[in-house]
Amino acid sequence: MRKHSAPSYPRSIQSNLMLTKSICTSLAALTLTAAAAPQKVTTLDIGASAPDFSLKATDGKTYTLNSFKDAKYLVTVFTCNHCPDAIAARDKINQFAKDYKNKDVEVVAISSASMDGVQIWENAYSKFDDDFESMKKVSKAHNLSHPYLYDGDAPQSTSLAYGAVATPHVFIFGPERKLLYQGQFDDGKRNPGPAKTKTVINTMEEILAGKPVSRPKTRVFGCSTKWYWKKGLVTKYNNEWNAKPVSVAPIDTELARSLAKNETGKMRLINLWSTTCGPCVAEFPMLVDTYQRHTLRPFELITISIDDKADADKVSTFVKEQHLPLSRWTEKSVQQEGRTTNNFHFQGEDLEAFAKAIDPEWQGPIPHTVLIAPGGKVVWRHTGALDEQALRNAILDEMAKANIR
């Protein structure tokens, strides 16, 4: 069968075609660049009308502004899952929603964070990510009494329309859905306890009493909104992480005992593993993510392979392929301890003594993971494949108990 050859055009037409292709490519690149370019964020003025929206919620419904038409007052809170200020205010906002429900006040929370704009270390205080499925977990874990809506997909049009600059950022609208107040929920910042100034509660009491709002605007102290156009910062961090060197060092029983004593101010997670252990290999990427997630705080991950001494190259290759370097926040403390890495390979003969040095309660199966508080107390241990959510919960709960900020 005869094959059809590509059509042949005169040189002038070929040049025009090449030029057209080049222009189209350039326009496509400019479109992508423009889509990710920072936009001007302007917060609503007092007296402005509430912008409409149509957003899905964790309860499976889609809400619009009209969904709250039966409430005299609407309190719209822009928040997220990862920000420590938002986390601290979460239960207080939920209680406010319960307390004022019978006073004709409706509360709606809107997650304004884009997953594309959140760097992994910005999750250092959160058990949950900012995707929609994680919002469902937050709603369930905190038994939220108000709708929790998602505006994390580009272009985050609702958050932009309101001008939500931080989390949490509160907007109170009156019966005609005119803005009466915008700003902080209270002045508690990252303290989940009672605040000195209960700003929104005080404002709502003024409104219900028919008084003028004494402070219609307040400063919003919280994490800046994670807009989708901040993904350039995410890429920059990832590139820096991927450029870091990775190493594995031998470890003996004496060093193992020293690490287990944890005479530092850090929460220390030690994972015992092997390249021949299926669950160990499968969970390693999650451990790398866990380290990056919490590394902004006094936290470190130490991996110890118990492969045969002859498999040193195999261990080193695996760890490098998984790419587990020291983070920029951990390097200094590790150097102060006289170490150069957090990845080790036990190559000794007395595995019994080594096991006793790390965790006397370890019976031998791998993977085995221990969380060691400052001072050497094992505050959490697990043998077998790790559950990511359970690990996150343990790390953050134990850091809170140890008052590690």
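Residues numbered from 1 in each chain as written. Predicted model: local features only at pLDDT ≥ 70, side-chain atom pairs only at ≥ 80, totals over all residues. Heavy atoms only, no water.

**Examining the nonpolar core**
- Among the nonpolar cores identified, the biggest contains 29 residues, and Phe 299 and Val 319 are the most heavily contacted of them.
- Elements that contribute at least two residues to this core include exactly helix H6 (231-242), strand S11 (267-273), helix H8 (278-294), strand S12 (299-305), helix H9 (312-322) and helix H12 (388-401).
- Here this core takes six residues from H8, the largest share from any one element.
- Once residues within four sequence positions are removed from consideration, Phe 299 is found in contact with Lys 266, Met 267, Leu 269, Thr 290, Tyr 291, His 294, Thr 330, Leu 371, Ile 395 and Met 399. (Core = buried A, V, L, I, M, F, W, Y, C linked by side-chain atoms within 4.5 Å. Buried < 20%, exposed > 50% of the residue type's maximum accessible area, 1.4 Å probe, protein only. Helix = DSSP H or I, 4+ residues; strand = E, 2+ residues; numbered from the N terminus. Contact = heavy atoms within 4.5 Å.)

**Here we look at the environment of His 368**
- Checked against the element boundaries, His 368 lands in strand S14 (residues 368-372).
- Once the C-alpha coordinates of His 368 and Asn 191 are considered, the two residues, 177 residues apart in sequence, prove to be 34 Å apart.
- Looking at His 368, its side chain comes within polar contact range of the side chain of Thr 383, at 2.7 Å. (Polar contact = N/O pair within 3.5 Å; in protein donor to acceptor, adjacent residues only side chain to side chain.)

**Looking at the state of the cysteines**
- Per the counting criterion, the structure on display carries two disulfides.
- With its sulfur 2.4 Å from that of its partner, Cys 83 forms a disulfide with Cys 223. With the S-S dihedral at roughly 85 degrees, the linkage between Cys 83 and Cys 223 falls on the right-handed side. Of this pair, Cys 83 sits in the loop between strand S3 (73-79) and helix H2 (84-100) while Cys 223 sits in strand S9 (residues 223-224), and the two are 140 residues apart along the sequence.
- The side chain of Cys 277 participates in a disulfide bridge whose partner is Cys 280; the two sulfur atoms lie 2.3 Å from each other. Disulfide Cys 277 to Cys 280: torsion about the S-S bond roughly 80 degrees, handedness right-handed. Cys 280 matches Cys 277 in its accessibility class, with the two residues each being buried. (Disulfide = S-S within 2.5 Å.)

**Remarks on the environment of Ile 251**
- Following the sequence through the fold, Ile 251 ends up in strand S10 (residues 249-251).
- When its relative accessible area of 5% is taken as the criterion, Ile 251 is described as buried.
- The sequence separation of Ile 251 and Gly 348 amounts to 97 residues, and the corresponding C-alpha distance is 8.1 Å.
- Excluding anything up to four places from it in sequence, Ile 251 contacts Ala 256, Leu 259, Ile 304, Phe 344, His 345, Phe 346, Gln 347 and Phe 354.

**Describing the pairing of strand S8 (residues 179-183)**
- With four of five residues buried, S8 lies mostly within the body of the structure.
- As judged from the four bridges shared by strand S7 (residues 169-173) and S8, these two strands associate in the antiparallel manner. In the strand pairing of S8, Phe 173 is matched with Leu 179.
- Between the end of S7 and the start of S8, which pair antiparallel, lie five residues, with Arg 177 showing a positive phi angle near 60 degrees. (Pairing = 2+ DSSP bridges.)

**Concerning the packing of aromatic side chains**
- The tally for this structure, following the rule as stated, stands at 17 aromatic pairs.
- Ring plane angle 80 degrees and centroid distance 5.7 Å describe the contact between Tyr 162 and Phe 171, whose orientation is recorded as edge-to-face. Like Tyr 162, the residue Phe 171 is buried in the burial classification.
- Taken together, the ring pairs in this structure connect Phe 78, Tyr 162, Phe 171 and Phe 173 into an aromatic cluster.
- Its end group placed over the ring of Tyr 100, Lys 103 keeps NZ or CZ at 4.5 Å from the ring centre.
- One residue, Lys 189, lies across the ring of Phe 221, its end atom 4.9 Å from the ring centre. (Phe/Tyr/Trp six-rings, centres within 6.5 Å; stacked < 30°, edge-to-face > 60°. Lys NZ or Arg CZ within 6 Å of the ring centre and 35° of its normal.)

**Thoughts on the layout of surface pockets**
- A volume near 570 Å³ is recorded for the largest pocket.
- Of all the secondary-structure elements, those providing two or more residues to the lining of the largest pocket are H2 and H12.
- Of all the elements, H2 adds the most residues to the lining of the largest pocket, at five residues. (1 Å grid on protein atoms, 1.4 Å probe; cavity = no way out; pocket = protein on both sides within 12 Å on 5 of 7 lines; lining within 4 Å. Points joined across faces, edges and corners; volume = space filled by probe spheres on them.)

**Some thoughts on the confidence of the model for the protein**
- Chain-level pLDDT for the protein is 92 on average; 91% of the residues reach the 70-or-more range.
- Taken as a whole, residues 1-35 scores under 50 in pLDDT and shows three contacts with residues more than four places along the chain or in a different chain. (pLDDT = per-residue confidence, 0-100.)

**A short note on the pattern of salt bridges**
- Under the defined criterion, the tally for this structure stands at 23 salt bridges.
- Arg 328 serves as the salt-bridge partner of Glu 240, at 3.2 Å between the closest nitrogen and oxygen. Taken together, the residues Glu 240 in helix H6 and Arg 328 in the loop between H9 and helix H10 (331-336) connect sequence positions 88 residues apart.
- Glu 337 is the partner of Arg 268 in a salt bridge, and the nearest nitrogen-oxygen pair spans 2.9 Å. Residue Arg 268 is found in strand S11, and its partner Glu 337 is found in the loop between H10 and strand S13 (343-346); the two are separated by 69 residues along the sequence.
- Within this structure, Lys 266, Arg 268, Glu 300, Glu 337 and Arg 339 form a network of salt bridges that share partners. (Salt bridge = Lys/Arg side-chain N within 4 Å of Asp/Glu carboxyl O.)

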